[in-house]
Amino acid sequence: MTSSSDRSPAVDVHAPKSYEIRTYGCQMNVHDSERLAGLLEEAGYVRAPEGSDGDADVVVFNTCAVRENADNRLYGNLGRLAPRKASRPGMQIAVGGCLAQKDRDTIVKKAPWVDVVFGTHNIGKLPVLLERARVQEEAQVEIAESLEAFPSTLPTRRESAYAAWVSISVGCNNTCTFCIVPALRGKEKDRRPGEILAEVEALVAEGVSEITLLGQNVNAYGSDIGDREAFSKLLRACGNIEGLERVRFTSPHPRDFTDDVIAAMAETPNVMPQLHMPLQSGSDTVLKAMRRSYRQSRYLDIIRKVREAIPHAAITTDIIVGFPGETEEDFEETLHVVREARFAQAFTFQYSKRPGTPAATMENQIPKEVVQARYERLVALQEEISWEENKKQVGRTLDLMVAEGEGRKDDATHRLSGRAADNRLVHFTKPDQEVRPGDVVTVEVTYAAPHHLLAEGPVLDVRRTRAGDAWEKRNAEKAAKPAGVLLGLPKIGAPAPLPVVTSGCGCD
């Protein structure tokens, strides 16, 4: 006879299963993870508490393939979960995203304890594949070669009540030699304008006041539907949506950045004076080797036109240092563009081989120590420029959309944080009255650092917004139902806003 002290703890077989999603890579993956969360919650799963660190019934890896060590990172994480899975009957592990699309059967061979492998084109199949793996007690590997359904038709668990991603296209038609994304995401496929605007209107009706139009090459929108001015028309149409206060987009390509887009940005009040325009290199020779279909003069001409039309625009960029064959003269050309363009911020990357890309097999790969030295010089120059550009903001009065979770020291400094129209991060003195994420405050900038601004004086004005109301309502619902709350309309997607809208992987 077994005593009660010898028995294992009782398991509630009727309790909903928990899930955890680990996301790597660009905004596409961030938004896809919101959809994966929506799918799982629609299927009855509940989100595991923050910090569960693999202690969930289902752990999903949404992977990125644009870094040389992406696979090592994945298999290291999978290896750490193996003993936990062995000791926890019923636990499942799924791997999706770009690396899954690329490696397919390799994942299960290297990590046979993985239950599901799915790709970038069939994320909607995750709940079905998990159930099939459970019933059949064997790994399910299903990779679609083309998009099965536009992802925005899937249920989505939004991370923010006041800011939203809206996908306008998926895939990319470019052939940049350093980038593997087009091979994994497929050719560009555009959504119909009416579908996009309907999603935006539904989001605004829920309280969202800021949207970011998202595409791998966002301003090429229209190539799939035969309208070269479709993107500028879309920006202008967003300007007619009542209640939509801020519109952003990422990431454009200089090749497709036309004058009608600049005009739409300048003439549409809710399109923000902020632009992320990937440079990658300032050298015409390197740009040609990268198969970037523009040259230095074209790039700087775009910057000039944007600044003429929108004087206070904050322009950010991506730059790759050490591309194969890059000479010291080539690198100096990049520094020249940085000095001329005066970016508010630059996301700099040391070139690393992406297996499967033409650049990975090019001759004249640059030694690591040379790449590191150039990288440090570029970062030092950009830090200097970023600080100088931020100092120009001192004394300006700015309207900030209050953000959630963007000021890591806010509690200690008794400050709050928000984003200006140009997307600069501003930490401001916490006012006496309640201020919620999504509300708008007016402040005067008193201090500038390279990556943020301070408004140390009193808040000049607080405007309570529908977005703040939506945030408050969401938190009340979370308090009533601490897990498994699928917010808003099930087919609408939105993220918490990123610190600065960037390509994330430097591929654009």
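For the structure, check the block above.
Some thoughts on the sheet that holds strand β6 (residues 140-142)
One open sheet holds the 6 strands; their spatial order is β2-β1-β3-β4-β5-β6, and the pairing between them is parallel. Strands at the two margins of the open sheet, each flanked by one partner only, are β2 (46-47) and β6. Strand direction decides the pairing type here: strand β1 (residues 18-23) and β2, joined by 2 bridges, are parallel. Looking at β2, one finds that S18 is bridged to V46. With respect to the sheet, helix α1 (residues 27-42) is in contact with β1, β2, β3 (58-63) and β5 (116-118), its orientation differing from that of β1 by roughly 170 degrees.

Structural notes on the packing of helix α8 (residues 230-238) against helix α9 (residues 259-267)
Contact geometry of α8 with α9 gives a least axis separation of 8 Å together with a crossing angle of 5 degrees. The orientation of α8 relative to α9 falls into the category roughly parallel. Residues F231, S232, L235 and R236 of α8 form the contact with α9, whose own contacting residues are D260, V261, A263, A264, M265 and E267. A per-class count over the contact of α8 with α9 returns 6 nonpolar, 1 polar and 3 charged.

Some remarks on the environment of H414
Position of H414 among the secondary structure elements: in the loop between α14 (410-413) and β16 (415-419). Judged by its relative accessible area of 60%, H414 is exposed. A C-alpha to C-alpha distance of 9.5 Å links H414 and P431, two positions 17 residues apart in sequence. Residues in contact with H414, not counting those within four places in the same chain, are T429 and K430.

Digging into the sheet that holds strand β21 (residues 461-463)
Strands sit in the order β19-β20-β17-β16-β15-β18-β21 across an open sheet of 7 strands; the sheet is mixed. Here the strands that pair on one side only, and so sit at the sheet edges, are β19 (447-448) and β21. Two elements, β16 and strand β17 (residues 425-429), share 5 bridges in a ladder whose sense is antiparallel. Among the inter-strand pairings, L416 is bridged to a residue of β17, identified as F428.

Points about the packing of aromatic side chains
Counted under the stated rule, the structure contains 4 aromatic pairs. Relative to F249, the ring of F231 lies with its centre 5.1 Å away and its plane at 85 degrees, an arrangement referred to as edge-to-face. With a gap of 18 residues between them, F231 in helix α8 and F249 in strand β11 (residues 246-250) connect regions that are remote in the sequence. In this structure F231 comes out as buried when scored by relative accessible area, which is 1%. Classification of F249 by relative accessible area gives buried; the value is 5%. Summarising the aromatic geometry, the rings of Y294 and Y299 are spaced 6.2 Å apart at their centres and angled 35 degrees between planes, so their arrangement reads as tilted. Given the relative accessible area of 0%, Y299 is considered buried. Linked through ring pairs, Y294, Y299 and F343 together constitute an aromatic cluster.

Here's the deal with the environment of R377
Checked against the element boundaries, R377 lands in helix α13 (residues 368-391). According to the relative accessible area criterion, R377 is partly exposed, its value standing at 36%. The spacing of R377 and L335 is 42 residues in sequence and 8.9 Å in space, taken between C-alpha atoms. If we ignore the near neighbours within four places in the chain, the residues touching R377 are E328, F331, E332 and L335. For R377, the side chain forms a polar contact with the side chain of E328, separated by 3.0 Å.

Looking at the pattern of salt bridges
If you walk through the whole model with that rule in mind, you get 35 salt bridges. Close ionic contact of R248 with E210 constitutes a salt bridge, the shortest N to O distance being 3.3 Å. Of this pair, R248 sits in strand β11 while E210 sits in strand β10 (residues 210-214), placing them 38 residues apart in sequence. As far as the burial class goes, R248 and E210 line up, both buried.

Re the packing of helix α11 (residues 296-309) against helix α12 (residues 328-341)
Running from N to C, α11 and α12 cross one another at 10 degrees; their axes reach a closest spacing of 11 Å. Classified by the angle between their axes, α11 and α12 sit roughly parallel to one another. Across the interface between the two elements, Q296, Y299, L300, I303 and R307 from α11 touch E333, H336, V337, E340 and A341 from α12. Grouping the constituent residues of the contact of α11 with α12 by class yields 5 nonpolar, 2 polar and 3 charged.

Description of the side chain of S232
Take S232: it is sitting in helix α8. Those residues in contact with S232 that lie beyond four places of it in its chain are D260, V261 and A264.

Here's the deal with the pairing of β3
With respect to burial, β3 is a largely interior element, 6 of its 6 residues being buried. Side chains V58, V60 and N62 of β3 all project onto a buried face; the interleaved residues V59, F61 and T63 project onto the opposite face, where all are buried too. Looking at chain direction, β1 and β3 are connected through 5 bridges and run parallel. Considered in β3, the bridge of Y19 is made with V58. In this sheet, strand β4 (residues 92-97) lies alongside β3 in parallel orientation, the contact comprising 6 bridges. Its bridge partner lying in β4, V59 is registered against I93.

Reading the values: the criteria
- Residues numbered from 1 in each chain as written.
- Predicted model: local features only at pLDDT ≥ 70, side-chain atom pairs only at ≥ 80, totals over all residues.
- Heavy atoms only, no water.
- Pairing = 2+ DSSP bridges.
- Helix = DSSP H or I, 4+ residues; strand = E, 2+ residues; numbered from the N terminus.
- Contact = heavy atoms within 4.5 Å.
- Axes fitted to C-alpha atoms, helices over the stretch in contact; angles between N-to-C directions.
- Parallel < 35°, antiparallel > 145°, perpendicular 65-115°, else oblique.
- Nonpolar A, V, L, I, M, F, W, Y, C, P; charged D, E, K, R; others polar.
- Buried < 20%, exposed > 50% of the residue type's maximum accessible area, 1.4 Å probe, protein only.
- Phe/Tyr/Trp six-rings, centres within 6.5 Å; stacked < 30°, edge-to-face > 60°.
- Polar contact = N/O pair within 3.5 Å; in protein donor to acceptor, adjacent residues only side chain to side chain.
- Salt bridge = Lys/Arg side-chain N within 4 Å of Asp/Glu carboxyl O.

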